[in-house]
Amino acid sequence: MKDSSPQTIYLKDYTPPAWLVEDVHLTFRLAPRATRVTSRVRFVPNPEATAREFFLHGEELKLISCHIDGRSVTPEVTPEGLTCDVPDGPFTWEAEVEISPETNTALEGLYMSSGMYCTQCEAESFRKITYYPDRPDVMAPFTVRIESDLPVMLSNGNPVAQGQGWAEWHDPWKKPSYLFALVAGNLVNHPDSFTTMSGREVELNIWVRPGDLHKCAFGMEALKKSMKWDEEVYGREYDLDIFNIVAVDDFNMGAMENKGLNIFNSSAVLASPETSTDANFERIEAIIAHEYFHNWTGNRITCRDWFQLCLKEGLTVYRDSQFTSDMRSAPVKRISDVIDLRARQFPEDQGPLSHPVRPESFQEINNFYTATVYEKGAEVIGMLKRLVGDEAYARALDLYFERHDGDAATIEDWLKVFEDVTDRDLTQFKRWYSQSGTPRLKVTEEWTPADASRPPSRDLAANPEAPDQVRGGTGTYTLTFEQHTPPTPGQRDKAPQVLPIAVGLLTPNGDEVVPTTLLEMTEAKQSFSFDGLTRKPVPSLLRGFSAPVVLEREASREERLFLLAHDTDSFTRWEASRDLARASMLGALTDPSKGPDRTWLEALRGVVRDTELDPAYRALLLALPGENEMAQTLHERGITPDPEAIHSTRQAHLQARAELWQANLPILAEEVAVTAPYRPDAEQSGKRALGAAVLDMQSRIDWGKTAARQFETADNMTQQLSALACLIRYDAKNSARYIRDFYDQWKDDRLVIDKWFMLQVSEATPDRAAEAAEGLTQHPDFDLKNPNRFRATLGALAMNHAGFHRADGAGYALLADWLIRLDTLNPQTTARMCSVFQAWRRYDADRQALIRSNLERIAAKPDLSRDVAEMVGRILA
Ligand code: PHE
Ligand code: ZN
């Protein structure tokens, strides 16, 4: 235990900065263990502030000297920063500090990765580079001079001048310090250019280590598409002469939107058909877009303080999801996003780490880059757009960019543009930002048959094409919704939230009698009636997943089968299939004498064989809910999940399906075979996704024969890897050989070797997963300092649900051991991974006791980081 308890920061305590910055000049003399950073900063009093106290953040810095207006001063220095007596009016601050990038394993501030210098400053790491008011509401233009003998030296903005051993950059756009970036190294570039809508030519580069040059083309195309899309859809033009992307191997997150100099985890930008899967390509396209879109939503308009993080992240995730929908398939993107939301955000929102989309307090802001801020934040924007309509949304965004360009803004500012454009009162809507927890939505239906005393409803009767004569009657169908959000940490009672509920009504023969209609629910309990019907319709509820809620409705199997066959909304049709799968597995879990629901499997076969449907969509229909999702589902129903039982039940379902469909598999495989050269586009990826599902079924029957053939002949990583997965699963006898062959083929490619580490752990049987992970930590290629490799090994263990939750606790203990080791080197990645324990109260008392003791072991580590202390504390609370 530490003696000084960590400080909690509150949104309500926000005060404007006492001093503003007019401009910043930085000089870096790079050296691995002794980089010298000199800063010259023009400070002016902030007219909006009341206090005049001068405080600069600074951590782990060796202060060499400092001056105010040229006179040497002696500030008071603490571990968090410094204070100093300063003039009343504007003055110039100069300081020189020394830092050691080579020993910086936290990967925050200036550090080294594979011989290159790079930076990561969001959220609060600029203070590890020099003394500065390191808060997003202090914005300034930066001029940066880099001195080193490395061939490439980059910073934000435009290049100004360069010579032997130095380069100078100037960023004219004022920005907060978290968007500062510097890169220097022996790099090569993949160049291109883009002409903006006003005809300006922008130089584009992706900078990589020399061996990676062949992996840049796809990222570059994605960048150009993103630039074009943001012009066409949001009217946003790029605003510098140059846009640089750099790939680094050691990075805590996916990528970072530094102004004009985006820095990417190499896994989020480098791709080639031989080394990357379709899923990698799609993710890269989305992350490139995301970081590029931040140039307007994040950089030109930034956040006033870190509580407003969702202002930039929720909106930018929403924008990148729109981009992916436009580039690929909108229904497939929506379903994939919902799967992801349920897998990551729902457990967070329903457990000890639950927090509002806009949190109200934190100890370590790094711990709030969460699925709630990002993905629920994006869902909230989707709801807002659904409620106000597309046209008002577009006008609101125009106003947002116009009114707040150059600002450090808040959620209040964001909502105000919508209020001003629509005249709507968004007070209740704002609860989506302040109330945590996933709302539960109960639905009941009521049918009042034809009332002979009433004439048929006019507008429906007026339509002579009314299908099946369901319309034009006098019956009334009523849906009654009840919303309730269970208590979450710090929030016992919740007020009703505005829920946009998209519904459609179908006739019993599958025609749409009421097309998608948006119901706006504002009360705790509310009814909506549809009249003029002759027969009771079948409801299709929460179309497009119009609100991020748990829908509680026990529809009959017949109704779900009907929707699977007929629903005109692709999301709810998929949801029906998901519900049937869930119900079948739940049935078998609660009554072991029950096998898989064969009626559902037959019906599903019919849909999956429909060649009119997009193969990617059919692959999604085929995917059973994962084990973790099943554990969550059981928990939601008050049943304690048994990880081993979930695993074997799910396997039994997959096996039964493969056997039942055996005769159809060759035809399906043939239908989705791709003969054209590899392209990572939606069409081919969809076919390969369905092909992989078919290969899994085939492998269960032929023990890997087909998979072995695919493994030997594949010319792309997607198919090589899916074949290897099947061989690990179903060909126990030979799998070691295939694993060796794969390693020999790819040992020089780190990103592929990450996959090699990951697959062996994620595909291990539950009894072997912990040993597999432990064995791999002893492999010479295991590198504790590389977050990708750590996640590929220990993160993969946590993803293997039954393996991680092995009853003897071996999985928990192994992970805790490694988290304790990693904390000393890299608190941010350690803290993030602690969240795999967040759902621990779902499980039985024995498992809970094991998890608790491991969490306590982590908490007791001497000098535990603030990041991890906060996470473990919240999980145990
Ligand atoms: N702001 C980055 C993004 O969303 C994520 C990030 C946060 C990266 C913190 C590094 C550190 O694109
Ligand atoms: Zn982002």
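Residues numbered from 1 in each chain as written. Chains lettered and ligands numbered in written order. Predicted model: local features only at pLDDT ≥ 70, side-chain atom pairs only at ≥ 80, totals over all residues.

### A closer look at the sheet that holds strand S19 (residues 242-248)
The following threshold applies: Any two strands between which DSSP finds at least two bridges are classified as paired. Numbering of helices and strands runs from the N terminus, with a helix taken as a DSSP run of H or I at least four residues long and a strand as a DSSP run of E at least two residues long.
The sheet built from 5 strands is open, its strands ordered S17-S18-S19-S21-S20 with mixed pairing. At either end of the open sheet lies a strand with only one pairing partner, and these are strand S17 (188-195) and strand S20 (255-256).

### Here's the deal with the domain arrangement of the protein
For clarity, the threshold we go by: Marked domain ranges trace back to an automatic or database domain assignment.
Here the domain parsing of the protein yields domain 1 (1-104 + 130-149 + 161-178), domain 2 (302-434), domain 3 (463-545) and domain 4 (747-877). The distance between the C-alpha centroids of domain 1 and domain 4 comes to 36 Å.

### A closer look at the site of ligand 1
Put simply, the test is: Here, nearness means that the C-beta atom of a residue, built from backbone geometry, sits within 6 Å of the molecule or strand in question. Residues are grouped as follows: nonpolar covers Ala, Val, Leu, Ile, Met, Phe, Trp, Tyr, Cys and Pro; charged covers Asp, Glu, Lys and Arg; every other residue, Gly included, is treated as polar.
For ligand 1, the full set of nearby residues is Gln 120, Glu 122, Met 253, Ala 255, Met 256, Glu 257, His 290, Glu 291, Glu 313 and Tyr 369. Residue assignment for the shell around ligand 1 shows that the elements contributing at least two residues are S20 and helix H2 (278-293). Residues belonging to the shell around ligand 1 are distributed by class as follows: 4 nonpolar, 2 polar and 4 charged.

### A short note on the UniProt feature "domain: Peptidase M1 membrane alanine aminopeptidase" (unreviewed entry) in the protein
Going by this rule: UniProt positions are given in the numbering used here, feature names are shortened, and annotations may be inferred rather than shown by experiment.
When the UniProt feature table is mapped onto this chain, "domain: Peptidase M1 membrane alanine aminopeptidase" (unreviewed entry) is found at residues 218-432. Helix makes up 55% of residues 218-432 and strand 9%, with an end-to-end C-alpha separation of 37 Å.

### Remarks on the nonpolar core
For soluble globular proteins, the rule of thumb is that nonpolar side chains tend to be buried together. Under the convention used in this document: As used here, a nonpolar core is made of buried Ala, Val, Leu, Ile, Met, Phe, Trp, Tyr and Cys residues. They are joined through C-beta atoms within 7 Å. Comment: burial labels come from other C-beta atoms within 10 Å of the residue's own C-beta, placed from the backbone, where a count of 20 or more is buried, 12 or fewer is exposed, and between is partly exposed. For the purpose of contact definition, each residue receives a C-beta atom placed from its backbone, and two residues are in contact when these atoms lie within 7 Å.
Membership of the largest hydrophobic core comes to 231 residues, with the highest contact counts inside it found for Val 183, Val 246, Ile 263, Val 761, Ala 773 and Leu 797. Leave out the neighbours within four places in its chain, and Ile 263 touches Cys 118, Gln 120, Ala 181, Val 183, Val 246, Val 248, Ala 255, Met 256 and Asn 258.

### Quick word on helix H17 (residues 682-702)
Applied cut-off: Residue count minus one, scaled by 1.5 Å, sets the expected span of a helix.
With 21 residues, H17 extends 29 Å from end C-alpha to end C-alpha; this agrees with the ideal 30 Å at 1.5 Å per step. The element H17 is largely enclosed, with a buried count of 16 among its 21 residues. Positive backbone phi, approximately 55 degrees, marks Trp 703, located one or two places after H17.

### So, unusual backbone geometry
Following Glu 122, the chain continues into Ala 123 via a peptide bond in cis, with omega recorded as 0 degrees. Phi at Leu 107 takes a positive value of approximately 60 degrees, unusual for a residue other than glycine. Its location among the elements puts Leu 107 in the loop between strand S9 (91-99) and strand S10 (109-113). For Ser 114, which is not a glycine, the phi torsion comes out positive at approximately 45 degrees. In this structure, Ser 114 sits in the loop between S10 and strand S11 (116-120). When the 15 C-beta atoms within 10 Å are taken as the criterion, Ser 114 is described as partly exposed.

### Re the packing of H17 against helix H19 (residues 717-730)
The relative placement of two packed helices comes down to the angle between their axes together with the axis-to-axis distance. Rule in force here: Axis lines are fitted to C-alpha atoms, over the contacting stretch for helices. Their N-to-C directions set the angle, which ranges from 0 to 180 degrees. These descriptions rest on fixed angle ranges, namely under 35 degrees for roughly parallel, over 145 for roughly antiparallel, 65 to 115 for roughly perpendicular, and the rest for oblique. With the far helix as reference, a near helix turned anticlockwise by less than a right angle produces a left-handed crossing, and one turned clockwise produces a right-handed crossing.
One can describe the packing of H17 onto H19 by two numbers: an axis separation of 10 Å at closest approach and a directional angle of 25 degrees. Classified by the angle their axes make, H17 and H19 are roughly parallel. In the packing of H17 onto H19, the handedness of the crossing is right-handed. Counting all contacts with H17, which are made through Arg 688, Ala 692, Leu 695, Asp 696, Ser 699 and Arg 700, the residues of H19 involved are Thr 718, Gln 719, Ser 722, Ala 723, Cys 726, Arg 729 and Tyr 730. Residues of the contact of H17 with H19, tallied by class, amount to 5 nonpolar, 4 polar and 4 charged.

### Examining helix H22 (residues 769-777)
Heads up, the condition is: Taking the helix axis as origin, the arc is that swept by the directions to the C-beta atoms.
Here H22 has its buried residues at Ala 769, Ala 770, Ala 772, Ala 773 and Leu 776. Buried residues in H22, looked at end-on, bunch into an arc of 160 degrees, giving them a common side. Buried residues in H22 make contact with helix H21 (750-762), helix H23 (787-799), helix H24 (801-804) and helix H25 (810-825).

### Re the sheet that holds strand S7 (residues 76-78)
Spatially, the 3 strands line up as an open sheet ordered S4-S8-S7, and their pairing is antiparallel. Strands at the two margins of the open sheet, each flanked by one partner only, are strand S4 (55-57) and S7. Neighbour-to-neighbour, the strand axes of the sheet open up by a mean angle of 20 degrees, direction not taken into account.

### Observations concerning the environment of Val 188
The topology assignment puts Val 188 in strand S17. In this structure Val 188 comes out as partly exposed when scored by C-beta crowding, with 18 C-beta atoms within 10 Å. A sequence separation of 23 residues divides Val 188 from Gly 211, and the C-alpha atoms of the two residues are 9.0 Å apart.

### Some points on the packing of H25 against helix H26 (residues 827-834)
Following both chains from N to C, one finds H25 and H26 inclined at 150 degrees, their axes separated by 7 Å at the closest point. As summarised for this structure, H25 and H26 are arranged roughly antiparallel, according to the angle between their axes. Facing Leu 819, Leu 822 and Asp 823 of H25, the residues of H26 in contact are Pro 827, Thr 829, Thr 830, Met 833 and Cys 834. Considered class by class, the residues forming the contact of H25 with H26 number 5 nonpolar, 2 polar and 1 charged.

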